[in-house]
Amino acid sequence: MSARHLHHLLGRQTLSAARAAARRAYAVNLDQALVFDRNAKRLQRDRAANSPHVKQYEMLKDEMAFQISDRIADINRAFECGLDLGCGRGHLGKVLDTAVVKRLVQCDSSPSMLARMDDNARDRNHCVVCDEEQLPFEANTFDLVASSLSLHWVNNLPECLRQILRVLKPDGVFVGAMFGGDTLFELRCSLQLAEMERHGGFAPHVSPFAGMRDAGSLLQRAGFTLLTVDMDEITINFPSMFELLDDLQGMGESSAAINRPGVLRRDTIVAAAAIYKEMYGNPDGSIPATFQILHMVGWKPDPSQPKALKRGSAERSLKEIGIDTSAIKFTP
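Residues numbered from 1 in each chain as written. Predicted model: local features only at pLDDT ≥ 70, side-chain atom pairs only at ≥ 80, totals over all residues. Heavy atoms only, no water.

Asker: Explain helix H3 (residues 59-74) to me, and be specific about the residues and the numbers.
Answerer: Look at H3: 23 Å from first C-alpha to last across 16 residues, which is about the 22 Å you get at 1.5 Å a residue. Listed in full, the buried residues belonging to H3 are Leu60, Lys61, Met64, Ala65, Gln67, Ile68, Ser69 and Ile72. (Helix = DSSP H or I, 4+ residues; strand = E, 2+ residues; numbered from the N terminus. Expected span 1.5 Å × (residues − 1). Buried < 20%, exposed > 50% of the residue type's maximum accessible area, 1.4 Å probe, protein only.)

Given below as structure tokens:
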């Protein structure tokens, strides 16, 4: 068996185990214990914001902000006051039209991100330093809450969603996007294989993320209605794994898991880069990095919202409008 085939076989087994472990850790600890070091994440984001090259690492966040703004614009409504939760350097504020959201409050846990807000960001005088896990706003304040690539670092996501529901006005909407469970699976697998070959085991170097089913159930548990959850994948090519790691650090997206190891040996990193290129490399010598995006939309309940009719209240049958019901199984 060739080295490539061996790595592929071990990689699939390792990746499956890693995904299962990440899901278990996230699901078990979501309401009980700390998964992420929030102070470390704030320091990472401060360091990224203070870098003189911060703009060159913002492509993905700008793209996601554009997608979020596009989804907000698709809602046939003008919002008086909106909240950008985890705004960073104002990525959403750069593209969200004032005709759609008249006033935008932007908050982030990193003071440096807000201090170095992009020159093209709007409403720069409406910025608040706060933790996404402890929103300081009164109930029924906002018509819209948006969050782009921020909630995947929250320890207690159910409580965060409940707080978002609390600050929304009745019939207000939450539109969010965060990294999903298969984000950076290539990097995760390559690092784990390299550590297994050298140390006989591996430590978590890529933080756990929620899955698509998790997102839907969490929104429902929080009390949202009229839910929409879908998934997208963005693949970005890098010259090597080293440029990918540099990009993650520049975005402030390095691992902040509580149980992350303190040191990753250089020989392990070099081996992981070789495994990455061998298993996932492109024909041109570059490597792909997959970012799985979970998009979420949920509404705060209100009596004016459409509701399903009672069962058996239909006035016409499906056959009358030309639908063949022979293959449909009905349950009592």
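Asker: Describe the sheet that holds strand S7 (residues 287-299), listing the residues and the values that go with them.
Answerer: The strand order across the open sheet formed by 7 strands is S3-S2-S1-S4-S5-S7-S6, and the pairing between neighbours is mixed. Every other strand in the sheet has two partners, leaving strand S3 (127-129) and strand S6 (225-238) as the edge strands with one partner each. Sheet twist, expressed as the mean angle between neighbouring strand axes with direction ignored, is 15°. With 6 bridges connecting them, strand S1 (residues 79-85) and strand S2 (residues 101-108) associate as parallel partners. Within the sheet, the bridge partner assigned to Phe79 lies in S2 and is Val101. Here helix H5 (residues 157-167) sits on the sheet and contacts S1, strand S4 (142-148) and strand S5 (168-179); the angle it forms with S5, its principal contact strand, is near 145°. (Pairing = 2+ DSSP bridges. Axes fitted to C-alpha atoms, helices over the stretch in contact; angles between N-to-C directions. Contact = heavy atoms within 4.5 Å.)

Asker: Any chance you could break down the side chain of Asp143 for me, citing the residues and the numbers?
Answerer: Within the fold, Asp143 resides in strand S4. For Asp143, a relative accessible area of 17% corresponds to the buried category. Within the structure, Asp143 has its side chain in polar contact with the backbone nitrogen of Glu80 (distance 3.4 Å). Ignoring any residue separated from it by four or fewer positions in sequence, one finds Asp143 in contact with Phe79, Glu80, Cys81, Leu168, Lys169, Gly172 and Val173. (Polar contact = N/O pair within 3.5 Å; in protein donor to acceptor, adjacent residues only side chain to side chain.)

Asker: Describe empty space enclosed by the protein, listing the residues and the values that go with them.
Answerer: Applying the stated criterion to the full structure yields 3 cavities of 30 Å³ or more. Here the largest cavity defines a volume of roughly 90 Å³. If you go around the largest cavity, the residues you meet are Arg45, Lys61, Ala65, Asp84, Gly86, Cys87, Gly88, His91, Leu92, Ser148 and Leu149. Residues belonging to the lining of the largest cavity are distributed by class as follows: 4 nonpolar, 4 polar and 3 charged. (1 Å grid on protein atoms, 1.4 Å probe; cavity = no way out; pocket = protein on both sides within 12 Å on 5 of 7 lines; lining within 4 Å. Points joined across faces, edges and corners; volume = space filled by probe spheres on them. Nonpolar A, V, L, I, M, F, W, Y, C, P; charged D, E, K, R; others polar.)

Asker: Which residues make up a nonpolar patch on the surface, and what are the values?
Answerer: Taken together, the side chains of Leu318, Ile321 and Ile323 present a nonpolar region at the surface, about 250 Å² in accessible area. Structurally, Ile323 is set in the segment after S7. The class for Ile323 is partly exposed, based on a relative accessible area of 39%. (Patch = residues over 30% accessible without salt bridge, like charges linked within 9 Å, V, L, I, M, F, W, Y side chains within 5 Å. Areas by Shrake-Rupley, 256 points an atom, 1.4 Å probe, with all protein chains shown as cover. Salt bridge = Lys/Arg side-chain N within 4 Å of Asp/Glu carboxyl O.)

Asker: Explain the nonpolar core to me, using residue names and the numbers behind them.
Answerer: Counting 50 residues, the largest nonpolar core has Leu60, Ile72, Leu187, Met241 and Phe291 as its most contacted members. For this core, the element with the most residues is helix H9 (residues 266-280), which contributes 8 residues. (Core = buried A, V, L, I, M, F, W, Y, C linked by side-chain atoms within 4.5 Å.)

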